[in-house]
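# Topology and contacts: notes
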Amino acid sequence: MIDHVPTRDPVVFLTYDDGAERDPRFVDMVRDLRLPVTLFLTDSVAAPGYGHFARLRALGAGIENHTVDHRAPAGLPYAGQRAEICGQQDRLRARLHVRPRLFRPPYGSYDRTTLRAAAGCGISALVLWRAALTPAGLTYTHGPHRLRPGDVVLVGLDESPGPPLRERTVRVLREVQGRGLTVGRLEDYL
(Lines give C-alpha, C1' and ligand atoms only; values in the text may rest on other atoms or scores of the structure.)
Protein backbone atom coordinates (compact mmCIF):
# COMPACT_ATOMS: atom_id res chain seq x y z
CA MET A 1 0.00 0.00 0.00
CA ILE A 2 1.42 3.37 -0.99
CA ASP A 3 0.37 7.02 -0.89
CA HIS A 4 3.87 8.36 -1.36
CA VAL A 5 6.77 7.06 -3.47
CA PRO A 6 10.22 7.31 -1.90
CA THR A 7 12.22 9.35 -4.42
CA ARG A 8 14.68 12.21 -4.53
CA ASP A 9 13.29 13.26 -7.90
CA PRO A 10 11.26 16.48 -7.61
CA VAL A 11 8.05 14.82 -8.84
CA VAL A 12 4.49 14.23 -7.70
CA PHE A 13 1.96 11.93 -9.33
CA LEU A 14 -1.46 13.05 -10.58
CA THR A 15 -4.20 10.44 -10.28
CA TYR A 16 -7.87 10.48 -11.22
CA ASP A 17 -10.65 8.13 -10.15
CA ASP A 18 -13.79 6.57 -11.61
CA GLY A 19 -13.97 7.87 -15.19
CA ALA A 20 -17.10 9.99 -14.88
CA GLU A 21 -15.63 13.10 -16.45
CA ARG A 22 -14.85 12.89 -20.14
CA ASP A 23 -13.79 16.44 -20.95
CA PRO A 24 -12.14 16.57 -24.40
CA ARG A 25 -10.23 19.66 -23.26
CA PHE A 26 -8.54 17.49 -20.64
CA VAL A 27 -7.37 15.16 -23.43
CA ASP A 28 -5.99 18.19 -25.28
CA MET A 29 -4.17 19.29 -22.12
CA VAL A 30 -2.61 15.86 -21.57
CA ARG A 31 -1.46 15.86 -25.21
CA ASP A 32 -0.22 19.46 -25.34
CA LEU A 33 1.66 19.33 -22.03
CA ARG A 34 2.67 15.68 -22.38
CA LEU A 35 1.22 15.41 -18.91
CA PRO A 36 1.71 12.03 -17.25
CA VAL A 37 -1.49 11.03 -15.50
CA THR A 38 -2.84 7.82 -14.01
CA LEU A 39 -6.54 6.96 -14.29
CA PHE A 40 -8.12 4.47 -11.90
CA LEU A 41 -11.26 3.40 -13.75
CA THR A 42 -14.50 1.89 -12.46
CA ASP A 43 -16.33 -0.07 -15.15
CA SER A 44 -19.86 0.94 -14.11
CA VAL A 45 -18.83 4.60 -14.41
CA ALA A 46 -16.31 4.57 -17.27
CA ALA A 47 -17.87 1.95 -19.58
CA PRO A 48 -19.97 4.36 -21.65
CA GLY A 49 -16.80 6.34 -22.45
CA TYR A 50 -14.02 3.82 -22.96
CA GLY A 51 -13.21 5.52 -26.30
CA HIS A 52 -12.27 8.65 -24.36
CA PHE A 53 -9.93 6.64 -22.14
CA ALA A 54 -8.42 4.87 -25.16
CA ARG A 55 -7.43 8.33 -26.47
CA LEU A 56 -5.81 9.17 -23.14
CA ARG A 57 -4.04 5.82 -23.08
CA ALA A 58 -2.68 6.50 -26.58
CA LEU A 59 -1.19 9.71 -25.15
CA GLY A 60 0.61 7.76 -22.41
CA ALA A 61 -1.91 7.90 -19.57
CA GLY A 62 -1.75 4.98 -17.19
CA ILE A 63 -4.96 2.98 -16.96
CA GLU A 64 -5.41 1.21 -13.65
CA ASN A 65 -8.07 -0.66 -11.63
CA HIS A 66 -10.75 0.93 -9.40
CA THR A 67 -13.23 -2.04 -9.34
CA VAL A 68 -16.26 -2.96 -11.41
CA ASP A 69 -19.00 -1.25 -9.35
CA HIS A 70 -17.21 1.13 -6.94
CA ARG A 71 -18.19 -0.80 -3.80
CA ALA A 72 -16.10 -0.21 -0.67
CA PRO A 73 -14.12 -3.46 -0.40
CA ALA A 74 -13.36 -3.55 3.34
CA GLY A 75 -15.58 -6.09 5.02
CA LEU A 76 -16.71 -7.80 1.83
CA PRO A 77 -15.96 -11.54 1.59
CA TYR A 78 -12.97 -12.66 -0.44
CA ALA A 79 -15.12 -13.86 -3.36
CA GLY A 80 -16.88 -10.49 -3.60
CA GLN A 81 -13.64 -8.54 -3.50
CA ARG A 82 -12.04 -10.83 -6.04
CA ALA A 83 -15.03 -10.43 -8.38
CA GLU A 84 -14.79 -6.62 -8.16
CA ILE A 85 -11.01 -6.49 -8.73
CA CYS A 86 -10.48 -9.39 -11.15
CA GLY A 87 -13.66 -8.46 -13.01
CA GLN A 88 -12.28 -5.00 -13.69
CA GLN A 89 -8.94 -6.48 -14.74
CA ASP A 90 -10.81 -8.54 -17.35
CA ARG A 91 -12.91 -5.59 -18.55
CA LEU A 92 -9.90 -3.30 -18.94
CA ARG A 93 -8.02 -5.99 -20.84
CA ALA A 94 -10.98 -6.57 -23.17
CA ARG A 95 -11.85 -2.90 -23.77
CA LEU A 96 -8.51 -1.08 -23.55
CA HIS A 97 -6.00 -3.93 -23.99
CA VAL A 98 -4.30 -3.26 -20.65
CA ARG A 99 -3.71 -5.46 -17.64
CA PRO A 100 -3.40 -3.09 -14.67
CA ARG A 101 -0.90 -3.79 -11.95
CA LEU A 102 -2.07 -0.96 -9.68
CA PHE A 103 -5.33 -0.83 -7.74
CA ARG A 104 -7.06 1.96 -5.86
CA PRO A 105 -9.86 0.75 -3.60
CA PRO A 106 -12.98 2.93 -3.72
CA TYR A 107 -13.09 5.42 -0.84
CA GLY A 108 -9.62 4.22 0.21
CA SER A 109 -11.39 1.32 1.92
CA TYR A 110 -9.41 -1.90 2.25
CA ASP A 111 -8.55 -4.70 4.62
CA ARG A 112 -6.29 -7.77 4.59
CA THR A 113 -8.77 -9.58 2.38
CA THR A 114 -8.50 -6.74 -0.16
CA LEU A 115 -4.72 -7.12 -0.28
CA ARG A 116 -5.02 -10.88 -0.78
CA ALA A 117 -7.72 -10.56 -3.47
CA ALA A 118 -5.80 -7.84 -5.31
CA ALA A 119 -2.62 -9.92 -5.34
CA GLY A 120 -4.62 -12.89 -6.64
CA CYS A 121 -5.82 -10.69 -9.52
CA GLY A 122 -2.30 -9.70 -10.56
CA ILE A 123 -2.13 -6.39 -8.70
CA SER A 124 1.32 -5.46 -7.42
CA ALA A 125 0.47 -2.29 -5.45
CA LEU A 126 -2.51 -0.74 -3.74
CA VAL A 127 -2.37 3.03 -4.33
CA LEU A 128 -3.99 5.60 -2.07
CA TRP A 129 -3.13 9.34 -1.95
CA ARG A 130 -1.40 11.74 0.40
CA ALA A 131 -2.93 14.88 -1.10
CA ALA A 132 -6.38 15.40 -2.61
CA LEU A 133 -7.90 18.37 -4.37
CA THR A 134 -11.14 19.53 -2.78
CA PRO A 135 -13.17 22.68 -3.49
CA ALA A 136 -11.22 24.29 -0.62
CA GLY A 137 -7.82 23.36 -2.11
CA LEU A 138 -5.36 20.57 -1.47
CA THR A 139 -5.93 18.58 1.70
CA TYR A 140 -3.45 16.10 3.16
CA THR A 141 -4.06 12.74 4.79
CA HIS A 142 -0.99 12.98 7.03
CA GLY A 143 2.40 14.61 7.35
CA PRO A 144 3.27 18.16 6.34
CA HIS A 145 0.49 20.18 4.77
CA ARG A 146 2.44 20.82 1.59
CA LEU A 147 3.42 18.82 -1.46
CA ARG A 148 6.62 16.81 -1.18
CA PRO A 149 8.55 14.85 -3.80
CA GLY A 150 6.90 11.47 -4.31
CA ASP A 151 3.41 12.46 -3.19
CA VAL A 152 0.45 10.78 -4.86
CA VAL A 153 -2.19 13.44 -5.58
CA LEU A 154 -5.86 12.65 -6.16
CA VAL A 155 -7.48 15.18 -8.46
CA GLY A 156 -10.94 14.20 -7.31
CA LEU A 157 -14.37 14.38 -8.80
CA ASP A 158 -15.95 17.74 -8.04
CA GLU A 159 -19.34 16.70 -6.73
CA SER A 160 -20.72 20.23 -6.63
CA PRO A 161 -21.24 22.44 -9.64
CA GLY A 162 -17.72 23.63 -10.10
CA PRO A 163 -14.83 23.82 -12.50
CA PRO A 164 -14.32 21.02 -15.02
CA LEU A 165 -11.45 18.56 -14.80
CA ARG A 166 -9.10 20.61 -16.95
CA GLU A 167 -9.42 23.66 -14.69
CA ARG A 168 -9.00 21.59 -11.53
CA THR A 169 -5.87 20.05 -13.02
CA VAL A 170 -4.50 23.53 -13.81
CA ARG A 171 -5.11 24.46 -10.17
CA VAL A 172 -3.06 21.48 -8.99
CA LEU A 173 -0.32 22.13 -11.55
CA ARG A 174 0.10 25.69 -10.23
CA GLU A 175 0.55 24.31 -6.73
CA VAL A 176 3.02 21.69 -8.01
CA GLN A 177 5.08 24.30 -9.87
CA GLY A 178 4.92 26.69 -6.93
CA ARG A 179 6.64 24.03 -4.86
CA GLY A 180 9.40 23.61 -7.46
CA LEU A 181 8.09 20.19 -8.45
CA THR A 182 6.94 18.59 -11.68
CA VAL A 183 4.63 15.69 -12.55
CA GLY A 184 6.04 12.18 -13.01
CA ARG A 185 4.46 9.03 -14.38
CA LEU A 186 3.45 6.89 -11.40
CA GLU A 187 3.89 3.61 -13.31
CA ASP A 188 7.54 4.49 -13.96
CA TYR A 189 8.22 4.70 -10.22
CA LEU A 190 6.36 1.59 -9.03
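Data block above holds the structure.
Described in the following lines is the structure provided in the data block. (Residues numbered from 1 in each chain as written. Predicted model: local features only at pLDDT ≥ 70, side-chain atom pairs only at ≥ 80, totals over all residues. Heavy atoms only, no water.)

## Structural notes on the packing of aromatic side chains
- All told, the structure shown has 2 aromatic pairs when counted by the stated rule.
- Positioned above the aromatic ring of F40, the side-chain terminus of R104 is 4.5 Å from the ring centre.
- It is R116 that lies over the ring of Y78; its NZ or CZ is 4.2 Å from the centre. (Phe/Tyr/Trp six-rings, centres within 6.5 Å; stacked < 30°, edge-to-face > 60°. Lys NZ or Arg CZ within 6 Å of the ring centre and 35° of its normal.)

## Here we look at the pairing of strand 7 (residues 137-140)
- Pairing of strand 6 (residues 131-134) with strand 7 involves 4 bridges; the strand directions are antiparallel. Note that in strand 7 the partner of A132 across the bridge is T139.
- The turn linking strand 6 back onto strand 7 is made up of 2 residues. (Pairing = 2+ DSSP bridges. Helix = DSSP H or I, 4+ residues; strand = E, 2+ residues; numbered from the N terminus.)

## Here we look at the nonpolar core
- One finds L14, V37, L39, L41, F53 and V153 to be the most contacted residues of the largest nonpolar core, which totals 33 residues.
- With residues up to four places along the chain from it excluded, the contact list for V37 reads L14, Y16, F26, V30, A61 and G62. (Core = buried A, V, L, I, M, F, W, Y, C linked by side-chain atoms within 4.5 Å. Buried < 20%, exposed > 50% of the residue type's maximum accessible area, 1.4 Å probe, protein only. Contact = heavy atoms within 4.5 Å.)

## Observations concerning empty space enclosed by the protein
- All chains considered together, the criterion is met by 1 cavity of 30 Å³ or more.
- Approximately 150 Å³ is the volume found for the largest cavity.
- Forming the walls of the largest cavity are 18 residues, and the residues nearest its centre are Y16, D17, G19, E21 and L165.
- Taken together, the elements giving at least two residues each to the lining of the largest cavity come down to strand 1 (11-18), strand 2 (37-41), helix 3 (50-58) and helix 6 (165-178).
- When its residues are assigned to classes, the lining of the largest cavity shows 11 nonpolar, 3 polar and 4 charged. (1 Å grid on protein atoms, 1.4 Å probe; cavity = no way out; pocket = protein on both sides within 12 Å on 5 of 7 lines; lining within 4 Å. Points joined across faces, edges and corners; volume = space filled by probe spheres on them. Nonpolar A, V, L, I, M, F, W, Y, C, P; charged D, E, K, R; others polar.)

## With respect to the state of the cysteines
- Tallied over the full model, the rule gives 1 disulfide.
- The disulfide partner of C86 is C121, and the S-S distance across this bridge is 1.9 Å. For the disulfide bridge between C86 and C121, the dihedral angle about the S-S bond is near -100°, and by the sign convention the bridge is left-handed. Note that C86 is positioned in helix 4 (residues 78-96) and C121 in the loop between helix 5 (112-120) and strand 5 (125-126), a separation of 35 residues in sequence. (Disulfide = S-S within 2.5 Å.)

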